[in-house]
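The primary structure of each chain is shown beneath.
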Amino acid sequence: MNNSALLSLLCLVALLHQSLAASPQFNVIQFGAKPDGRTDSTSAFLAAWKQACSSTRGVTLYVPKGRFLTRSMLFKGPCRNSAIFIRIDGTLVAPSDIWAIGNNPNWIEFQYVNGVTISGGVLDGKGAPLWSCKLAGRKQTLGFSFCNNVLVSGVTSLNSQMFHVVINFCQNVKLQGVRISAPGNSPNTDGIHIQMSTGVTVVNTKVATGDDCVSIGPGAANLRIENFACGPGHGISIGSLGKNVNEPGVQNVTVKSTTFTGTTNGLRIKSWGKPSNGFARNILFQHATMNNVQNPIFIDQRYCPDRNCPDTASGVRVSDVTYQDIHGTSATEVAVNFDCSKRNPCKGIRLDNVRLTYNKKPAVASCANADGTTIGLVQPGSCL
């Protein structure tokens, strides 16, 4: 680096430091929050948010070290600025009493906010005592609805009552360095759920939970997942799709550099076995490692948990799906399973250098109503 470039860089760093130093900071302690893990700090957090949201300049909302008990909180916009930085050095703790947390579906929810960063901290959902309860009343930990330009960085979510992170009707959301943890037998604790959103990126993230590590629902487009570890859990799932007759589809999804360990599924597309105009297309699964995974590659178009699917024929159209450089071990003999719709067969399935074994022997592939091609070495042998 020459002297001129170095000088420019130093000036940029100085300007950034000056900008951050000059921006207002709202510490939740100043609004009455107590870091003792017992005192309800909900009002203090909401008061700090009100000040941050009403500021005309970029601001920092600061949560220091300690444990802060809060009920459900709705951080609602639109705000007067688009640069709210929430720095969390402590732990937010949900009430263990299902009736104490509040009426919102999410414990912590952002709505109609443009430009927010959440950095660091732990979100402890205290879900274990509630996992045996019916779904009604259990909360999702962190939700974003109708938000744009969101960054979640270095956040840890523990033992959510239901889904850990939910992204709904959003644009330009990035999750990086996120850690999600719940036992493998915790029900309906999806790690990250994305639907009706575009431009979502998930990178350098680890999920261990009792349901899908990532679930991608209707209306999701232009998604990228990269450097992602899953296990335990149910894998990365596109779907379930096609629950409703009129439903937006999923398109332009890239999932690369992933590792699955001891999961029930690896890379899965699932749709209800009943009529729908939904679709899943332009999907790339690339560079995945499977370690003792029950269903490493799976398209399931007979999904019907409520058993209300008279002919089990899915209306969802699955097309242009590529599996490239997928390798490792299967926990079952059938490592590749394309169980596609008899009404709308899968089209454009591509297997490119797939190497999966079962008990140190070649695994098996199973195909129904699937059409596609293979490139390079493909093990198990293709049934397309």
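The preceding data block contains the structure.
Remember, it's a predicted structure, so these values are computed and weren't measured experimentally. (Residues numbered from 1 in each chain as written. Predicted model: local features only at pLDDT ≥ 70, side-chain atom pairs only at ≥ 80, totals over all residues. Heavy atoms only, no water.)

Enquirer: Would you mind going over unusual backbone geometry with me for this structure?
Expert: In most cases, non-glycine residues show a negative phi, while peptide bonds are predominantly trans. Gly77 connects to Pro78 through a cis peptide bond whose omega is 0 degrees. Looking at where Pro78 falls in the secondary structure, it is placed in the loop between strand 5 (73-76) and strand 6 (84-88). For the peptide bond that leads from Gln379 to Pro380, omega is 5 degrees, which places it in the cis range. Summarising the element assignment, Pro380 is placed in the segment after strand 31 (370-379). The residue Asn159 is not glycine, and still its phi comes out positive at about 50 degrees. Inspection of the secondary structure puts Asn159 in the loop between strand 13 (156-158) and strand 14 (165-168). Residue Asn359 is not a glycine yet carries a positive backbone phi of 50 degrees. The exposure class assigned to Asn359 is exposed, which follows from its relative accessible area of 57%. (Helix = DSSP H or I, 4+ residues; strand = E, 2+ residues; numbered from the N terminus. Buried < 20%, exposed > 50% of the residue type's maximum accessible area, 1.4 Å probe, protein only.)

Enquirer: Can you help me understand the pairing of strand 20 (residues 221-230) in this one?
Expert: For a regular strand, side chains alternate in direction, first toward one face of the sheet and then toward the other. Inspection of the sheet shows strand 18 (residues 198-208) paired to strand 20 by seven bridges, in the parallel sense. What sits directly across from Val202, in strand 20, is Ile225. Looking at chain direction, strand 20 and strand 22 (residues 250-261) are connected through eight bridges and run parallel. Bridge pairing links Ile225 to Val255 in strand 22. (Pairing = 2+ DSSP bridges.)

Enquirer: Would you take a moment to explain the pattern of salt bridges for this structure?
Expert: Evaluation of the coordinates by the stated rule reveals 10 salt bridges. Here Asp40 and Arg71 are joined by a salt bridge, their closest N and O atoms 2.7 Å apart. With Asp40 in strand 2 (residues 36-40) and Arg71 in the loop between strand 4 (67-69) and strand 5, the pair connects residues that are 31 residues apart, well separated along the chain. On the accessibility criterion, Asp40 (37% relative accessible area) is partly exposed. When salt bridges that share partners are traced, they join Arg67, Asp124 and Lys126 into one network. (Salt bridge = Lys/Arg side-chain N within 4 Å of Asp/Glu carboxyl O.)

Enquirer: Is there a simple way to explain the sheet that holds strand 17 (residues 192-195) in this structure?
Expert: Backbone hydrogen bonds are what pair the strands of a sheet, in a parallel or an antiparallel way. One open sheet holds the 11 strands; their spatial order is 5-8-11-14-17-19-21-23-25-27-30, and the pairing between them is parallel. The open sheet has two edge strands with one neighbour each: strand 5 and strand 30 (364-368). Between one strand and the next, the sheet's axes are offset by a mean angle of 15 degrees, whatever the strand orientation. With four bridges joining them, strand 11 (residues 140-145) and strand 14 adopt parallel strand pairing. Pairing of Leu142 across the sheet is with Val165, part of strand 14. Packed on one face of the sheet, helix 2 (residues 42-54) meets strand 5 and strand 8 (106-111) and runs near 5 degrees to strand 5. (Axes fitted to C-alpha atoms, helices over the stretch in contact; angles between N-to-C directions. Contact = heavy atoms within 4.5 Å.)

Enquirer: I keep staring at the layout of surface pockets and nothing clicks. Help me out?
Expert: Taking a probe equal in size to a water molecule and rolling it over the atoms shows the remaining empty space. The space that makes up the largest pocket amounts to roughly 520 Å³. Taken together, 27 residues make up the lining of the largest pocket; nearest its centre are Phe163, Asp190, His193, Gly239 and Ser240. Of all the secondary-structure elements, those providing two or more residues to the lining of the largest pocket are strand 11, strand 14, strand 17, strand 19 (214-216), strand 21 (236-241) and strand 23 (265-272). In terms of residue count, the dominant contributor to the lining of the largest pocket is strand 23 (four residues). In terms of residue class, the lining of the largest pocket is made up of seven nonpolar, 13 polar and seven charged. (1 Å grid on protein atoms, 1.4 Å probe; cavity = no way out; pocket = protein on both sides within 12 Å on 5 of 7 lines; lining within 4 Å. Points joined across faces, edges and corners; volume = space filled by probe spheres on them. Nonpolar A, V, L, I, M, F, W, Y, C, P; charged D, E, K, R; others polar.)

Enquirer: Looking at this model, I keep getting lost on the environment of Ser55. Mind explaining?
Expert: For Ser55, the location among the structural elements is in the loop between helix 2 and strand 3 (59-63). Owing to a relative accessible area of 13%, Ser55 belongs among the buried residues under this scheme. For the pair formed by Ser55 and Arg80, sequence separation is 25 residues and the distance between their alpha carbons is 6.0 Å. The contact partners of Ser55, leaving out residues within four places of it in the chain, are Pro24, Arg80 and Asn81.

Enquirer: Can you walk me through the environment of Ile84 in this structure?
Expert: When you line up the elements, Ile84 lands in strand 6. A relative accessible area of 2% means that Ile84 is categorised as buried. Contact partners of Ile84, with chain neighbours within four places excluded, come to Trp49, Ala52, Cys53, Val59, Cys79, Gly115, Val116 and Thr117.

Enquirer: Hey, could you run me through the packing of aromatic side chains in this one?
Expert: The geometry of an aromatic ring pair is captured by the separation of the ring centres together with the interplanar angle, meaning the angle of the planes. By the definition in use, this model includes 11 aromatic pairs. Aromatic side chains Phe75 and Phe110 sit 5.0 Å apart centroid to centroid with 35 degrees between the ring planes, which places their arrangement in the tilted category. Of this pair, Phe75 sits in strand 5 while Phe110 sits in strand 8, and the two are 35 residues apart along the sequence. The same class applies to Phe75 and to Phe110, which are both buried. By the ring-pair criterion, three or more aromatic residues cluster together here, those being Trp49, Phe75, Phe110 and Phe144. Sitting above the plane of the Tyr303 ring, Lys270 keeps its charged end 4.5 Å from the centroid. The ring of Phe279 carries Arg281 above its face, with NZ or CZ at 3.8 Å from the centroid. (Phe/Tyr/Trp six-rings, centres within 6.5 Å; stacked < 30°, edge-to-face > 60°. Lys NZ or Arg CZ within 6 Å of the ring centre and 35° of its normal.)

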